[in-house]
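Each chain, letter by letter, is given below.
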Amino acid sequence: MYWLLCIVMFLSHSSWSEPFEVANPAQSLVFPRDHGEHRSFKTEWWYYTGHLLTEDGRRFGYQLTFFRNALGNKVHVSDRKSKWATNQLYFTHFAISDSQEKKHHFAERFSRGMKPLAFIQTQPFQLVLEDWLVSGSTPGTANLSAKAPKFEINLQLQPKKDLMLQGSNGFSQKGFNRKNSSHYYSYSRLYTTGQIKIGDQKFNVTGQSWMDHEYSTSLLEKSQRGWDWFAIQLNNQSELMLFQLRDQRGSYYYYRVGKLNDKGGNSKTLDMSGAEFVPISYFKSEKSGGQYPIKWKVTIPKENIDLTVTAIFENQEMMTSVVYWEGATDISGQINKGQVKGMGYLEMTGYAENISKRFE
Amino acid sequence: MISIDDLVVINNVSKSYAEGDQNRLVLKLINLNIKNNEIVALTGNSGSGKSTLLNLVSGIDALDEGSIKIGNQEITSLSETERTMFRRKHLGFVFQFFNLVPYLSVWDNVLLPLAMNHIKNAANLERADSLLSTLGIRQRKFSYPYQLSGGEQQRVAIARALVHDPDLLLADEPTGNLDGKTANVVMDTFRQLILARGKSAIVVTHSREIASKCDRIFSIRDNSLFEQTQ
Amino acid sequence: MNSLLGRLCFKSLRYQPKLLILLMTSIAIGVSLIVGMDIAIQSSNLAFERTTSSLTGKATHQIIGSGQGVSDQVYFEIRKITQNIAPVMKEDVYVVGFGKIPFKLLGVDPFAEAPFRDYFDSQYAKESISIEALLTRKNAVVLSNTLANRFGVRQGSSLSVVVGGRPFQLFVASTIEPRDKINDRFLQDVIVADISVAKELSNRFDTLDQIDVLVDRDDQETLDKIQNVLPKGVQVVLSANRTRTIREMTKAFETNLFALSLLALLVGLFLVWSAMSFSVIRRKSEFSLLRCMGLTSKQIFLMIAFQALLVGLGGALVGVLFGAFMGKFLVLSVSQTMSDLFFVTHVRQASWTFATVLKGITFGVLGSLLAMLLPALEVARIRPREGLSLKTIEVTQYGRIISKCLLVSVFVLLLSAGLLIGQPKSLMASLVAALGVILAFSAIIPLAAWIVVRMLSCIKKLTVLEFAAWRLLHALPRTAIPMAALMVSLATVIGITGMVESFRETVVSWLDQRLVGDVYITVPNQGPSRAPAVLDEKVIAFLKSSSEVSRLEYLRSISVETNLGPSQLVAFENNSFKNPKAFLQSIVPPKEVWKKVLGGDIMISEPLAFRWGIKKAGEAIDLLTPKGWRSFKIAAIYYDYASSQGVIGMSLSNYQELFSDMRVNAVAAILKNSTRSSDISTNSLERLKSIQVLDIKPNRDIRSEVMEIFSRTFSITQSLKWLAVFVAFVGIMSSLLSQTIENIREYGLLRAIGFRRGEISLQIFCESLLMSLIAWVVSVPLGVMLTYIMVYIINYRAFGWTLQMHLDKTLFLHTLLLTILAATLSSIYPSWKTLQLRPMEMLKLDQ
C-alpha cells in the first residue's frame, strides 16, 4: 500500500533518508527473515484486505493493517535505559465494510513500540498491538484477530499461492526517481475463514484475502498528491495489482505500475503504456470534502485488459488520523477477450481536502 | 387670666433637678402668659432658672408639675419625639454661643429649618433671602461661620430662627457675646423683625439695656417669677 | 430628611479632613491585611488545585500502589481490558538556579493521553507537542513558553536539573504556548516528558507512580475486571477523594492566618472607636444645636451611622486596593510556607476573586459600624442645649463605668471559657474564645486605671502624677479605648512571642532527644511535603566502607495507603525513644515500646493521632502492603514535630520484610570521633558529588535548618505582631492629641495662673505614661493567658501538636520598655502643640 505520504509528512519534516537504509535493487528478499520488521528502514506495513461472505451470501469487506514508523532521523535511539524508550511508533487500522447495511466501520490504534504493548516478531510470525493480533507461521498462514468497541474480527488465513515479489525481485520503484522505492511482496490469494461480529450479531464467514508487506525509507516526492491502488482477484484464479500516482495538480497520470499473477502463480509485470484509468462516478464525502471516484474504467491495451471497478457501496472512507478511502469493489470486464469477474480492494488517497492541512 | 390672644400659657409650672443624691428645686409654681406679638424679657442671677424655664417652654425638658400651652398645643402631654417635632415647626432659637453649624455656609445654616421641615420652596427661599438682606448680611451668604464676626454670626442666627416662620422665638443671651454698640443694633433689628411679622419672643438677658427694649420684663428670684415694671 | 442628613454627613466629614484620614487609614490597614492574607492563601490553594486537577485531568479513578507505585505489568494487563488508561510518573525536579521549591516532572505516554489531559491536543496549545521530539531524545522535555522564558531556555537548549539528588541535563525538545490562562497555570509548575524519560530520571524502571483510569460511573463491569487483575498492594481509588484530602490539610493554617489578620483589624477598630469618641465631644455643640432645632435623637444617630458607613466603605476600598498590592508580596511568603508544610506550589501571581473583595469590604464596613456604635449612641443621647452653654460640666460617673465594664468582662470571660470547654476540638471556637478573652481584659482597663490611681494617691509627693491620674479617670470614656488598644497589642506581642518561643524550645528539646547521629546524610531540599528521594547504593556502600564510621542507622520514608487514608510512613532503626517523655500514650511502659515495635507493632505521631481521632494506643489500623492489607496495632503515640500531618513509625527491619524494599532515604552516621563531624561532612560531600548531590550535615546544622523552617513559618505572624503594635501606638498618640486639644482651655488656665511650659509638657507626658503603664499592667496577665491559649489550645487544635509552654520573663521587661517608649514618643507632638500657644489663646474658645 502506498499511502505512507501521510505518515511521513505528519511526523517529520526533516530529511529522513539517512541514515536510514534505502531500498536496494541488489538486495534479495530472504524468508522467513524478511517477513519480520526492518528497523533500518523508516516505514513499514503489513496490509491485510479481503472479501468475506456468510452462508446466506451477505457480503463484507475487511482491512487490518499494521504500520510501523520510526520517529526521528536515526535508526537507533541514543543509549536509553528504560524499556519504554523507543523510536518506533506502531499503529493499526481496522475496518469492516458491511455491504448490506452500506455501513463502513473503522478504528485506529496507536502505540509506542514496546513489548508487550506493541511489537513485531519474525518467528513465529506475530504482529501485536495490544489485543489486535496477527500470528502464524508466516504472514500468509496466520490468524487475525482485532476487537473494536462495536465490531470484531477473527479470521484464519491460508495461502492459495506462494507469495509474489512485486516490482523487480521485490524492489519496487515508485516514480521516476530511483530513490523513491521500496521492498514489496504480496500474498495475492489467501483462503479465509472465520467470524466477524458487528454490534451483537455474529457471522461465520469465508472468503479470500490479500496481504501486502512493504518497507521503505523514501517513497514519494513532495510533489505528489496521492495515489490509487487496486488489488484485484479474478474468478479465473489470477490476480492483478495496479497503481498510479497523481501529482499535485490532480492530473492522474504520473506514474503507473501493474503486475499480474496467473493461475499457476507466475507473475508478470504489465506493459502500462497507453493504459487508462478513467473515473466514471464519484462519491463526495461530507465529512472531509473529498471527492472520490468510486467507479473506474481500467483499460490496459497492451495487455488486453478492460475492466470496470465498482465500489460495493459509496462511503468506505477511513476517517482516521489521516483520511483516505479504502474499500471493497466488484470487478467485471474482459481479459484477452474472455469475460472475467472478480472482487477487488481499492485504495484512494489525497482526495480529501484536509490531508494537506495535516502537514502544517 | 387667659385671653384669646395669649400665645403662650405657662400654668403652675415647677421643676427640680437631681444633683448627686439631692433634688434641687429650680422653679416653683411659675405662671406666665405671653401674648401674641410681644417680646418678653427674662432676667435673673446665674443659676436662677432662666435657662430652665426656656428649656421647659421649648419642650426640651419635661416639667414636674403644671402645664405649658403654646398656641393650641399642650406641650406637656406630648411625647419627647412629638415635642421635638413641634419645636422643629413652631419655634426658633438664638443662643449666645454655638449658633451655627461650623461646616455649613451662612446660606445653608439659614435654610436648615426649611430643610428639616421639608418646606424649601421658592417662597421660603425668597423669605430667607430677604431676611439676610434686612439683616444686612446678604453679601456674606456663602461665607463660613469662622469667617464672620460675632455680630454677623448672631444676625445669621436670627435669620435662621425666623426663616421657617415660627410663632415663638426663644433667645438666650443673644447679644451676650457682643460689644455694646453691636448688641444694640442686633437687638433692635431683632425686635423689628419679630414685631413686624407678628411673632412673639422670650429673651433671656442680663443686660438692662437689652431688657428695656422688650415689652415686658420678668425676673426669677427664689424659684419664683416676678414681673418688673418699667 | 435623609438627604439633609446625608448632606450634613458629607460636609462634616469634609470639615474634619484629618479625622477622616485617620479613620479611613485605621480601617484600611485592617482590611488590607485581611484581603492580602486572603489573596495569598487563595492563590496558593487555587494554584495547587488547578495544577492537581490538570494533572488529574479527566481521570475518574487512579490505580495506586502503597509506597512503591504500580508495576508496569499491571498497566499492560489492564490495557487488555480497556484502552482508557494512561501511565503516569511524577517526580520532583529541582532546576539549578531556580530556588528550593521543585517543579513537577510529569511523565506520560503521549499515545495514551488523549482521553485524560488535553495538552497534546491542538486545542490546548497553539501548536501541538511534537511527539517525535519527546520520544527520540534522551532527557527530552517539553515546557510552556512562560516557563522556558523563566529558565532562559529555548527549543533545543539544555536545562540543568537535579532529580533525586542526581544532576541531569534536560533537553528542551519543544516549547508550547497554551491557549488560555487555565492551561497556562498548569504548565507553570510542570515539565512534561515521555514516560521513558521520567523513568530514567527517577531511576524507577519497572514501576509507574499511578495509572489514570477513565471509566463511566455506571460501568461497574470494567471496574470489576480491573480490580480482578490488580495484584495485592495495588488498589483503585476515586480521583476526587484524593484531591479533597489535600485541601483539608491547609484549613487549619488558613484559619490561623485569617485570625491574625482579624486581630490587626480589631486593633484598628479600637482606633476608630477612639477617634470617633473624641470627635463626638468636639461636635457636642453642633449636635445640641441640631437637637434644639428639632432633629430627633434617632436622626442624629442615623447621621453618625451613615458617617460610619461612608468611612467604613472608603477605608475598606482603600484597604482592598492596598491589600491587593500586599497580596502580591504575601503570596510568595505564604506559598513558601505552604510548600514547606503541605504541598508544593509555585504560585507567582496573586489571583483575585470577587469573594475576597467582598470579604474585605464587609469586614471594613461592619467593623466601622461596630466601632462607631457606642459613640453614636452617646451622641444620640446628648440633650439639646447641653453643649451650648459653657456652664455644663460633665461629671463622669466613672464608678458606674468601672462596674459596668467589670460586669461585661466577667460575662465575656465566662462565655469564652464555656466555649472552650464546650467545643474541645474546634479550632474556630478556640479562636473566638481567644477573642473573647481579649475583649474581657479590655473591659478590665477602667478597673485597672482606678486601682493604679488609688495606689498613686497614696504616694503623697507626686502631685503632677496625681493630677494626671485624676484627669485620666475623669476622661475614662475617652481614654479607656486607646489604653485598651495598646494593651491588646502588647498582649499580642507577649502571646505571639511566647508561642513562638514555646514552639522553638519544644522542638529544640525534641531534637536533642531524637538526633542521635553525628552526621546525617540525605538528599537535599527535603521537607514534609516532598516525596523523599532515595540514596544511591553506591553512597551507602561508600559510607559502609568508611573508616571514620562507627555505626550507621538507616531511615526509609514512603507514602502508604491505610484504611484511614494516605499517610507518610517512616521506618527507622534507632531506638531514640529512650526518654519516657517521648510518648503521649503507650500500651506498655515507655521502655518496652521499642520492643513491641520491633515485634511488628507500629507507632503513630501525635498530629496523625489527632487527625485521625485516635485517642488511645492499642487501636489497630490497616496498611496496604505489597502483600495485601495487613492490620497493625498501635503500640504508642509519640511526640513528633517533623511533620504537621503526622507519620506512622515502623521498625526498618519489619518494613523491609513487608514491603520487600531495601532502599533508604536517609542515613545517620555515628562517628568514631564525633568532633570530626564537620570535616567528615565536607569531605564526604566532595567525594560523593559525582554519584549523587547530597546533604551531609553534622548534627547541629540539622538543628539550625529545622529552626530556619520554623522561623520562615512564623515570619508572617511576626510581621503582623509588629503591625498591631504600630497601629496601637498611633492610637495612643492620636487620643493623647485629642485629649490635649480638649483640655486646652484648662492648660491655658494653668499657664495663666503660673504653670511653666515645661510643667504643662510634664503633665501631658505623665498622662501618656499613666495610660501606657495601665495598659502594660493589664497586658501582662492577658499576654500570659494568650500564650497559654495559643500554645495549649490553638496550636493543638490546629495541628495536633503538644507544646511545652515557655515564656521568658525578660519579655515582660521588653514590653515595658516598649511601653515607656510609646508613652514618650506619643507625648511629643501634643506637648509641642501646647508649647506653641500662649495662655490667652488657650483660654479663648476654639470653634
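Here the structure is shown first, and the text comes after it.
All of these numbers come straight from a predicted model, not from anything done at the bench.

Let us look at the sheet that holds strand S7 (residues 168-172) of chain B. Residue and element names in this part refer to chain B. Strands sit in the order S6-S7-S8-S3-S9-S10 across an open sheet of six strands; the sheet is mixed. Across the chains shown, the open sheet's two edge strands, defined by having one partner strand only, are strand S6 (91-94) and strand S10 (224-228). Across the sheet, the axes of successive neighbouring strands diverge by a mean angle of 20 degrees, strand direction being ignored. Here four bridges tie strand S3 (residues 39-43) to strand S9 (residues 216-221), and the two strands are oriented parallel to one another. Counted as the bridge partner of Thr 43 is Ser 219 from S9. Running at roughly 175 degrees to S6, helix H5 (residues 150-162) makes contact with S6 and S7 of the sheet.

Next up on the list: the interface of chain B and chain C. Contacts between chain B and chain C engage 31 residues on the former and 29 residues on the latter. Summed over both partners, the interface of chain B with chain C comes to about 2800 Å²; 62% of that surface belongs to carbon and sulfur atoms. For chain B, the biggest contributors to the area lost against chain C are Phe98(B), Tyr103(B) and Met116(B); these three give 29% of the whole. Inspection of the chain B/chain C interface yields three salt bridges. Joining chain B to chain C, the criterion identifies seven residue pairs in polar contact (both at pLDDT 80 or more). Within the residue set of the side of chain B that touches chain C, elements represented by two or more residues are helix H1 (50-58), helix H2 (80-90) and helix H3 (106-117) of chain B. In terms of residue class, the side of chain B that touches chain C is built from 17 nonpolar, six polar and eight charged.

Taking 1.5 Å per residue as the helical rise, helix H24 (residues 699-742) of chain C with its 44 residues ought to reach 64 Å, and the 63 Å between its terminal C-alpha atoms agrees with that figure. Considering bend angle alone, the principal kink of H24(C) is centred on Phe714(C) and spans about 45 degrees.

Each side of the interface is counted separately: chain A has 26 residues, and chain C has 25 residues. On the chain A side of the contact with chain C, Arg80(A), Trp84(A) and Arg112(A) bury the most area, a combined 34% of that side's loss. Our count for the contact surface shared by chain A and chain C stands at five salt bridges. Summed over the shared surface of chain A and chain C, the number is eleven residue pairs in polar contact (both at pLDDT 80 or more). Along the lines of polarity and charge, the residues of the side of chain A that touches chain C split into ten nonpolar, seven polar and nine charged.

Now for the nonpolar core. Core analysis: the biggest nonpolar cluster contains 172 residues, and Ile10(B), Ile68(B), Ile70(B), Leu168(B), Leu8(C) and Leu290(C) have the highest contact counts within it. A total of 19 residues in this core trace back to one element, the largest contributor, which is helix H26 (residues 757-799) of chain C. When near neighbours in sequence (up to four residues on either side) are disregarded, Leu290(C) contacts Val101(B), Leu112(B), Met116(B), Leu8(C), Leu295(C), Ile300(C) and Met303(C). Within the second largest apolar cluster, 46 residues are counted, among which are Phe76(C), Leu105(C), Phe116(C) and Ile211(C).

Our focus in this paragraph is a nonpolar patch on the surface. Residues and elements named next belong to chain C. Among the surface-exposed residues, Phe 10, Phe 306, Leu 309, Leu 366 and Leu 369 lie close enough to one another that they form a single nonpolar patch of about 430 Å² accessible area. Of all the elements in the fold, those that place two or more residues in the nonpolar patch are helix H12 (297-341) and helix H13 (354-371). On the secondary structure map, Phe 306 appears in helix H12.

Okay, the packing of helix H18 (residues 476-514) of chain C against helix H27 (residues 810-836) of chain C next. Residues and elements named next belong to chain C. It is at 11 Å that the axes of H18 and H27 come closest, and there the two elements cross at 150 degrees. The angle between H18 and H27 falls in the class roughly antiparallel. In this structure, H18 meets H27 at a crossing whose hand is right-handed. Listed contacts from H27 to Leu 486, Leu 490, Val 493, Ile 494, Thr 497 and Gly 498 of H18 are Leu 811, Phe 812, Thr 815, Leu 818 and Thr 819. Looking at the contact of H18 with H27, its residues break down into seven nonpolar, four polar and no charged.

How each quantity is defined
Residues numbered from 1 in each chain as written. Chains lettered and ligands numbered in written order. Predicted model: local features only at pLDDT ≥ 70, side-chain atom pairs only at ≥ 80, totals over all residues. Heavy atoms only, no water. Pairing = 2+ DSSP bridges. Helix = DSSP H or I, 4+ residues; strand = E, 2+ residues; numbered from the N terminus. Axes fitted to C-alpha atoms, helices over the stretch in contact; angles between N-to-C directions. Contact = heavy atoms within 4.5 Å. Buried area = accessible area lost by both parts, 1.4 Å probe. Salt bridge = Lys/Arg side-chain N within 4 Å of Asp/Glu carboxyl O. Polar contact = N/O pair within 3.5 Å; in protein donor to acceptor, adjacent residues only side chain to side chain. Nonpolar A, V, L, I, M, F, W, Y, C, P; charged D, E, K, R; others polar. Expected span 1.5 Å × (residues − 1). Bend = angle between axes of the 7 residues up to and from the residue. Core = buried A, V, L, I, M, F, W, Y, C linked by side-chain atoms within 4.5 Å. Buried < 20%, exposed > 50% of the residue type's maximum accessible area, 1.4 Å probe, protein only. Patch = residues over 30% accessible without salt bridge, like charges linked within 9 Å, V, L, I, M, F, W, Y side chains within 5 Å. Areas by Shrake-Rupley, 256 points an atom, 1.4 Å probe, with all protein chains shown as cover. Parallel < 35°, antiparallel > 145°, perpendicular 65-115°, else oblique. Left-handed = near helix turned anticlockwise from the far one by under 90°.

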